[in-house]
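Residues per chain are reported as follows:
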Amino acid sequence: MNRLLLLALALSLTPAIHAQANLAQLSVNPAPMLYAQSGAATPQPRRAEMPTPGSTSAQQSPAQQVFDEVNGLIKEQYGGLSKVDRVVLSSEYQKRLDAACAASLAKCSADQAYPVVEAEITALGDDHTYFQTPDDFKDFVTSASGGNRLQFGVRLANLEGESRLVLDVVPGSASAEAGLKRGDVLRTIDSQPYTYAGLRAAKDGGKVIVLGLTRAGAALNVSIQSRESSSRDLPRLALLPAAAETAGPVAVLRIPTFLAGGNVAQTVHDEVRAAQQQGAAGLIIDLRGNTGGDLSECDGAASAFVPSFTRLAHTAQGSSRTVVRGGSRVDDGRVRGGINTPALWTGPLTVMVDKGSASCSEFFAYEMQFARRATIIGEATAGVGNTATRVFPLDSGAALQLTVLNYAKPDGTPYPVRVNPDLSGITDFAALAQGDDTLLSAAVIALKSAPVLNASAEPSGVVGN
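Rules used throughout
- Residues numbered from 1 in each chain as written.
- Predicted model: local features only at pLDDT ≥ 70, side-chain atom pairs only at ≥ 80, totals over all residues.
- Heavy atoms only, no water.
- Helix = DSSP H or I, 4+ residues; strand = E, 2+ residues; numbered from the N terminus.
- Buried < 20%, exposed > 50% of the residue type's maximum accessible area, 1.4 Å probe, protein only.
- Contact = heavy atoms within 4.5 Å.
- Areas by Shrake-Rupley, 256 points an atom, 1.4 Å probe, with all protein chains shown as cover.
- Disulfide = S-S within 2.5 Å.
- pLDDT = per-residue confidence, 0-100.

### Quick word on the overall build of the protein chain
Thought 1: Helices and strands together make up the secondary structure of the protein chain, namely 11 helices and 22 strands.
Thought 2: Taking all 465 residues of the protein chain together, 56% fall into the buried category.
Thought 3: Pairs at least 24 apart in sequence give 70% of the contacts found in the protein chain among residues at least 6 apart.
Thought 4: For the protein chain, the accessible surface area stands at approximately 17700 Å², while carbon and sulfur atoms represent 52% of it.

Here is the structure:
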């Protein structure tokens, strides 16, 4: 499996399972965080079994039971785009499991099946589907529910050969209380040269350390101690002073994840309203490093910028139609939730993306682009933006994240694998270490020609009900 290199020193230290870019994730939102590669549903306790011919559950080894559960789900629930013959695939990997369990037969442990299943999932050829060990799944559930973990609460990027550049600080975390800021560069730990391994050890040890760092080139020290805190990392708003390109202040809405134990979409609407009340002349949405999350949160958030959009979901059981309008999501005529007092941003809008923008953050950016509602600026996104997955817990404590559907617009246009920006640009980490966010500066300039919305009409390109 690819490993997401966006380092989230929320530091539960479980590496992310999906990766793009050259960043490393240790956890604020660990691994699975693609709560479904482009918007998934909540983990579902549904089971599917495909027993070995002539056997009973009582006769099956724990390893065989894991294998049967996984293959039953693939047979009955898979809705992705892989053309691999799944019957042949199951038969081939059954032989591999038989070989792995030859010495223990009915007592073959569940963990003996894990590498076999992981290899089978790789052979399926669907980058959106993967197997989670019990430890992976435990961390995923913590992140999905916004639970607590021992952490510092900071995401780091690689600079000068180490993961030392601060990208994000989680509100309410130890890092936030210590005063760490985006662009800080970690230089020392207790007066010794900084290493990421040393920071990880300090996190695990839970002792107070002194971090030496530079901020825009100036040196300073901060004391910090890891502690149990929430993994919830909700959207947040910042206001930049008016620039030459704008008639007033610019609002920057950072959405670090759509997987934060709920309330992401509602927070987006609340922050949009706050930006309007503060007289923002333009708004920039920052999706850099956002690896996705819950599609319902993504849909609700997008509705603060696009009045209405529609898509078709193709599954193993058939197709369904989703309409999102005014903060509400309707699936085949059934309301699936809504926003309290929805807001609508009608002013100039730009959206920043990068190689780490994945899953339903790609959905979000695509809805903006399809509706011609915003200027998308940055790098081509991760490339998992056309399907949705669901996490199925298994009896062994492991789980399967499985592609269950793929998406298209009502006219049949499939959602793209990745979003290609309207304007290319990168975040220069060396410049960020000196206090200059190069992509943000470009996004401010792009606001001058960014689309605006006539509140009395839907933007061109939107397909309604």
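### A word on the state of the cysteines
Thought 1: Going through the model one piece at a time under the given rule, you end up with 1 disulfide.
Thought 2: The residue that forms a disulfide with C101 is C108, at a sulfur-sulfur distance of 2.0 Å. Torsion about the S-S bond of the C101 and C108 cystine: about -65°, corresponding to left-handed handedness. Just as C101 is buried, C108 falls in that class too.
Thought 3: The thiol of C298 is not disulfide-bonded; the next cysteine sulfur, from C360, is found 4.0 Å away.

### Notes on the side chain of S175
Thought 1: On the secondary structure map, S175 appears in helix 5 (residues 174–178).
Thought 2: Classification of S175 by relative accessible area gives buried; the value is 0%.
Thought 3: The residues touching S175, leaving out its near neighbours within four places in the chain, are F152, G153, V154, V169, L180 and I224.

### Concerning the confidence of the model for the protein chain
Thought 1: When pLDDT is averaged across the protein chain, the result is 84; 84% of the residues are at 70 or more.
Thought 2: Of the regions scoring below 50 in pLDDT, residues 1–58 engages in 261 contacts with residues more than four places distant in sequence or in other chains.
Thought 3: Note that pLDDT drops below 50 for residues 457–465; the model gives that stretch 30 contacts with residues more than four away or on any other chain.

### Here's the deal with helix 9 (residues 360–370)
Thought 1: By the criterion of burial, helix 9 is predominantly enclosed, with 9 of the 11 residues buried.
Thought 2: Looking at helix 9, one finds that the buried residues are C360, S361, E362, F363, F364, A365, Y366, E367 and M368.
Thought 3: Taken from the residues just after helix 9, R372 is the one with a positive phi, measuring 50°.

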